[in-house]
Amino acid sequence: MSTFDPKGQTPPASTVAVLGLGYIGLPTAAILATAGLRVIGMDIDPRVVEAVNAGEVPFTEPELGVTVAGAVSLGLLSAQGTVPEADTYIVAVPTPFAEDKSADLSYIRAAAGQIAERLKGGELVILESTSPPGTTRLMADEILGIRPDLSLDGTGGRPVVRFAHCPERVLPGRIMAELVSNDRIVGGLTPEATLAAAELYATFCKAEIHLTDATTAEMAKLAENAYRDVNIAFANELSLISDRLGLDVWELIGLANKHPRVDILRPGPGVGGHCIAVDPWFIVAADPENSRLIRSARTVNDSKPGHVVRQVLDAVGEAVDSTVAVLGLAFKADVDDFRESPALGIAAELSRTLPNARLLVAEPYAESLPAELAASPNTSLVTATDAVSRADVVVLLVDHQQFRAIDPELLSGKTVLDTRGVWHTTDGHLLERSE
Ligand code: SAJ
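Residues numbered from 1 in each chain as written. Predicted model: local features only at pLDDT ≥ 70, side-chain atom pairs only at ≥ 80, totals over all residues. Heavy atoms only, no water.

What follows is about the overall build of the protein. The helix and strand tally for the protein stands at 15 helices and 14 strands. With the principal axes as the frame, the protein shows a C-alpha extent of 80 × 45 × 40 Å. Taken across its 435 residues, the protein has 52% of its residues classed as buried. In the protein, once contacts between residues fewer than 6 apart in sequence are set aside, the share between residues at least 24 apart is 70%. By element, 53% of the accessible surface of the protein is carried by carbon and sulfur atoms, the whole surface being about 19200 Å². Mean positive and mean negative side-chain charge positions of the protein (35 and 58 charges, respectively) differ by 2 Å. (Helix = DSSP H or I, 4+ residues; strand = E, 2+ residues; numbered from the N terminus. Buried < 20%, exposed > 50% of the residue type's maximum accessible area, 1.4 Å probe, protein only. Contact = heavy atoms within 4.5 Å. Areas by Shrake-Rupley, 256 points an atom, 1.4 Å probe, with all protein chains shown as cover. Lys, Arg positive; Asp, Glu negative; His and termini not counted. Charge placed at Lys NZ, Arg CZ, Asp CG, Glu CD.)

With respect to spatial proximity, 21 residues lie near the ligand, and among them Glu168, Lys221, Arg228, Arg266 and Arg420 are the closest. At 2.5 Å, a side-chain N or O of Glu168 approaches an oxygen atom of the ligand. Arg228 is positioned with one of its side-chain polar atoms (N or O) 2.5 Å from an oxygen atom of the ligand. The dominant element in the shell around the ligand, judged by the number of residues it contributes, is helix α8 (residues 214–245), at 5 residues. Considered class by class, the residues forming the shell around the ligand number 9 nonpolar, 3 polar and 9 charged. (Near = heavy atom within 4 Å. Polar contact = N/O pair within 3.5 Å; in protein donor to acceptor, adjacent residues only side chain to side chain. Nonpolar A, V, L, I, M, F, W, Y, C, P; charged D, E, K, R; others polar.)

What follows is about the sheet that holds strand β6 (residues 124–127). Two strands in a sheet stick together by hydrogen bonds in their backbones, pointing the same way (parallel) or opposite ways (antiparallel). Sheet architecture is open: 9 strands sit in the order β1-β9-β8-β7-β6-β5-β2-β3-β4, paired in mixed fashion. Either end of the sheet is taken by a strand with one partner, and the two such strands are β1 (2–3) and β4 (77–80). Pairing between strand β2 (residues 15–19) and strand β5 (residues 88–91): 4 bridges, direction parallel. Bridging from a neighbouring strand, Leu19 pairs with Val91 of β5. (Pairing = 2+ DSSP bridges.)

Time to look at the packing of aromatic side chains. One pass over the full model with this rule turns up 2 aromatic pairs. Measuring from centroid to centroid gives 5.8 Å for Tyr201 and Phe204, while their planes differ by 70 degrees, and the two rings are edge-to-face. Note on Tyr201: relative accessible area 0%, which makes it buried. (Phe/Tyr/Trp six-rings, centres within 6.5 Å; stacked < 30°, edge-to-face > 60°.)

Written as structure tokens, this is what we have:
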């Protein structure tokens, strides 16, 4: 491993095509355009293309709107529905998992096919999507299979195409700041590809850029998210044990964290989002025999929503016509992303298992109930204050700022299930927040 030294390097004067204008592709496209490169975004969703060309962002992410609007108005960023010709291609498409937890690489294969048609030789193709080990090689094989007139290393006098993996590592809600301030890992299929990719990221990344090979870069990204998953699973396991033993997990963790070398994360209703709940499975698929801890952590975290549902059913007890306030549907605090959200799963399960109860859902980031709840006659979307004041049982699933600000007086006399420890104080031990 070495670190890229930007001194003496000339910034690439190139056109960059970004395939996939989602949570990662659009911020990356916008920041490259702000660095002065000509960027053309490509997305299969015409609404996304239209929004970007109007200088707008189709989802909520702090500071992204102003960056996109600025780049579009300067003529440096545009979007279209087809892959353009470019010097550099960045693939930022989804890598969901299939039913059997193996990675679904169909979006990457489709992107590879479209890029292959545009290549002339000399281009750089970067995979940013989080992927199982070996995917950058697979993408290159796919492209060079379609274009046997091109090569990885110039053999047979064929023009070279460089391939690299540069995993995104930004935290939703802080993407624009972390794109600049987080270290980056860049791994090429060849040393030349590694350097070319590092030069591109150095146009906006002010932290260190670490150089490695493509498979190590792929695995490093997966290891980061699996590390976080295992640590959250530890906190979630403690919460299950505490419930069984009748202990207060927030007090327990707060006290354990007073040790100088202990920093336990926060339990919650489960782990959601498209990253931490998905990526560890790619490691398990790559080596099922040795990934026992990683698999086990996934199982613990996946069991948490069911535990919360059982807690709510216990709280409702015989009073099956209760009014239950469900605070939050997003996968985590202060984002409008409901993908793989344990909160949404819990709300949907409650609406099915408590058909005679009234479910009052509060979610400041939803304009209407998501499809999973929209057809439930017993469920409605209301304000947080309305939900809390009318409810017998209050279930907090997401620690949105708005819920933190709820006056604790409003909760008195109600059964409260605070899965995120937002309103928690025990004997003066206020749990310090570990992020
Ligand atoms: N969560 C807890 N307890 C905690 C921390 C998180 O229950 O103490 C839950 C959250 O509520 C959420 C889930 O875990 O449901 C994941 O949230 P997160 O904030 O840990 O992570 P993401 O999914 O928003 O972003 C992660 C980040 N990875 C790491 O921190 C190692 C981010 O840097 C990655 O870029 C991102 O995954 C990604 O795209 O891979």
